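Examination of the molecular architecture
The lines below spell out each chain.
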Amino acid sequence: MIYLVEDDPSIRKLITYTLSSGGFEIEAFESGEQLFAKMDKRPSLFLLDIMLPGMDGLEILGKIRDNSEIRETPVMMLTAKGTEYDKVIGLDSGADDYLAKPFGMMELLARVKALLRRRGEDKQKKDIEIGEIVISPAAHTVKVGSRNVELTLKEFNLLLLLMENEGIALDRDRILNSVWGYSFDGENRTVDVHVRHLREKLGEQAGGMIETVKGIGYRLRRKEN
């Protein structure tokens with residue numbers, strides 16, 4: 001089930017038709033208040049417009065991330081705001097993807113499939129342990145020592161990519177293509193924001209294993225005792 005929140009009836013109808021034609025079950029709402037009043041299933045994806053009457057998309061996103069039952073559900077923001085600053089604000093708030101209007105329906109469908117495909121691929125992978133960090137793609141959990149660490153989908157996928165390539169310096173373009181599933185218009189700030197959040201959530205010692213490689217990107221490397 002995909003939940004869409006979009007106040008423009010023509011856009012809401014077009015997105016619903018496109019995703020339904022693509023084989024997805026979708027339910028559309030015109031406001032955040034309506035979403036939370038009528039939501040009766042745990043969805044596989046949220047599509048949220050930012051500019052909404054009443055509760056805006058970022059407020060809805062915050063409520064999703066604060067709810068233990070749905071906080072790991074992927075969220076894609078849909079908005080008329082298309083500057084890099086606005087994209088970073090959305091991603092910085094915990095969104096997994098960001099699509100600026102006007103956008104093509106085929107691009108939207110491809111983005112939705114990429115998010116859901118990545119989640120399905122993770123379920124086939126084995127646990128990885130490096131230093132204090134244990135990541136379980138199947139259970140979609142991360143532990144640092146005995147502490148559970150709550151990550152967004154993109155933070156989780158970023159950590160998984162770094163751990164799968166332990167000791168290898170990954171440039172930002174490769175990270176964007178691997179984690180987001182497509183080129184993100186060269187906006188490398190997106191990667192930097194997610195790395196910063198990831199380091200903070202892992203804590204000083206575990207987060208310190210994610211090294212900045214000057215002029216290239218990032219590398220995860222276990223510390224010598």
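These numbers come from a predicted model, not from an experiment. (Residues numbered from 1 in each chain as written. Predicted model: local features only at pLDDT ≥ 70, side-chain atom pairs only at ≥ 80, totals over all residues. Heavy atoms only, no water.)

Looking at the sheet that holds strand S12 (residues 217-220)
Pairing in this open sheet of three strands is antiparallel, and the strands run S10-S12-S11 from one edge to the other. Two strands close off the open sheet at either side, each with one partner strand: strand S10 (170-171) and strand S11 (210-213). As defined by bridge partners, S10 adjoins S12 across two bridges and the pair is classed as antiparallel. Counterpart to Leu170 in the pairing with S12 is Tyr218. On the sheet, helix H8 (residues 189-202) packs against S11 and S12 and is oriented at approximately 150 degrees with respect to S11. (Pairing = 2+ DSSP bridges. Helix = DSSP H or I, 4+ residues; strand = E, 2+ residues; numbered from the N terminus. Contact = heavy atoms within 4.5 Å. Axes fitted to C-alpha atoms, helices over the stretch in contact; angles between N-to-C directions.)

Notes on the sheet that holds strand S7 (residues 133-136)
If you trace the four strands from one edge of the open sheet to the other, you get S6-S7-S8-S9, paired in antiparallel fashion. Only two strands of the sheet have a single neighbouring strand rather than two, namely strand S6 (128-130) and strand S9 (147-148). Pairing of strand S8 (residues 141-144) with S9 involves two bridges; the strand directions are antiparallel. Opposite Val144, over in S9, you have Arg147 as the bridge partner. The sheet contacts of helix H6 (residues 153-164) involve S6, S7 and S8, and relative to S7 the element is tilted by about 115 degrees.

A closer look at helix H1 (residues 9-21)
Between the first and last C-alpha of H1 there are 18 Å, a value that for 13 residues agrees with the 18 Å anticipated at 1.5 Å per step. Following H1 by one or two positions, Gly23 has its phi on the positive side, about 95 degrees. (Expected span 1.5 Å × (residues − 1).)

Let's talk about the pattern of salt bridges
Within this structure, the stated rule accounts for 13 salt bridges. In this structure, Lys101 engages Glu6 in a salt bridge whose closest nitrogen and oxygen atoms are separated by 2.8 Å. One end of the pair, Lys101, is in the loop between strand S5 (97-100) and helix H5 (105-122); the other, Glu6, is in the loop between strand S1 (2-5) and H1, with 95 residues separating them in the sequence. Since its relative accessible area comes to 21%, Lys101 is described here as partly exposed. (Salt bridge = Lys/Arg side-chain N within 4 Å of Asp/Glu carboxyl O. Buried < 20%, exposed > 50% of the residue type's maximum accessible area, 1.4 Å probe, protein only.)

Brief notes about H6
If you check H6, its first and last C-alpha atoms are 16 Å apart, about what 12 residues at 1.5 Å a residue would give, namely 16 Å. In terms of burial, H6 is largely enclosed, as 11 of its 12 residues are buried. Those residues of H6 that sit buried are Leu153, Lys154, Glu155, Phe156, Asn157, Leu158, Leu159, Leu160, Leu161, Leu162 and Met163.

So, the nonpolar core
The biggest cluster of nonpolar side chains holds 29 residues, and the ones touching the most others in it are Ile133, Val142, Leu159, Ile175 and Leu202. Of all the secondary structure elements, the ones that give two or more residues to this core are S6, S7, S8, H6, helix H7 (172-180), H8 and S12. Of all the elements, H6 adds the most residues to this core, at seven residues. Filtering out sequence-adjacent residues up to four positions away, Leu202 remains in contact with Ile133, Val142, Val144, Arg147, Leu159, Gly207 and Ile210. Listed in part, the 18 residues of the second largest apolar core include Met1, Ile60, Leu61 and Val75. (Core = buried A, V, L, I, M, F, W, Y, C linked by side-chain atoms within 4.5 Å.)

Let's talk about the packing of H7 against H8
Where H7 meets H8, the closest approach of the two axes is 9 Å, and the angle between their N-to-C directions is 75 degrees. Judged by the angle between their axes, H7 and H8 are roughly perpendicular. For the pair formed by H7 and H8, the contact residues are Arg172, Ile175, Leu176 and Trp180 on the first element and Thr190, Val191, Asp192 and His194 on the second. Here the contact of H7 with H8 is composed, by residue class, of four nonpolar, two polar and two charged. (Parallel < 35°, antiparallel > 145°, perpendicular 65-115°, else oblique. Nonpolar A, V, L, I, M, F, W, Y, C, P; charged D, E, K, R; others polar.)

Thoughts on the packing of H6 against H7
Contact geometry of H6 with H7 gives a least axis separation of 10 Å together with a crossing angle of 120 degrees. The orientation of H6 with respect to H7, classified from their angle, is oblique. Regarding H6 and H7, the two cross each other, and that crossing is right-handed. Residues Lys154, Asn157, Leu158 and Leu161 of H6 form the contact with H7, whose own contacting residues are Ile175, Ser178, Val179 and Trp180. Of the residues that constitute the contact of H6 with H7, the class distribution is five nonpolar, two polar and one charged. (Left-handed = near helix turned anticlockwise from the far one by under 90°.)

Describing the packing of aromatic side chains
Tallied over the full model, the rule gives two aromatic pairs. Each ring, one from Tyr3 and one from Phe29, has its centre 5.5 Å from the other, and the planes form 70 degrees; the classification is edge-to-face. Note that Tyr3 is positioned in strand S1 and Phe29 in strand S2 (residues 26-29), a separation of 26 residues in sequence. Each member of the pair, Tyr3 as well as Phe29, is classed as buried. Members of the aromatic cluster, joined through ring pairs, are Tyr3, Phe29 and Phe46. (Phe/Tyr/Trp six-rings, centres within 6.5 Å; stacked < 30°, edge-to-face > 60°.)

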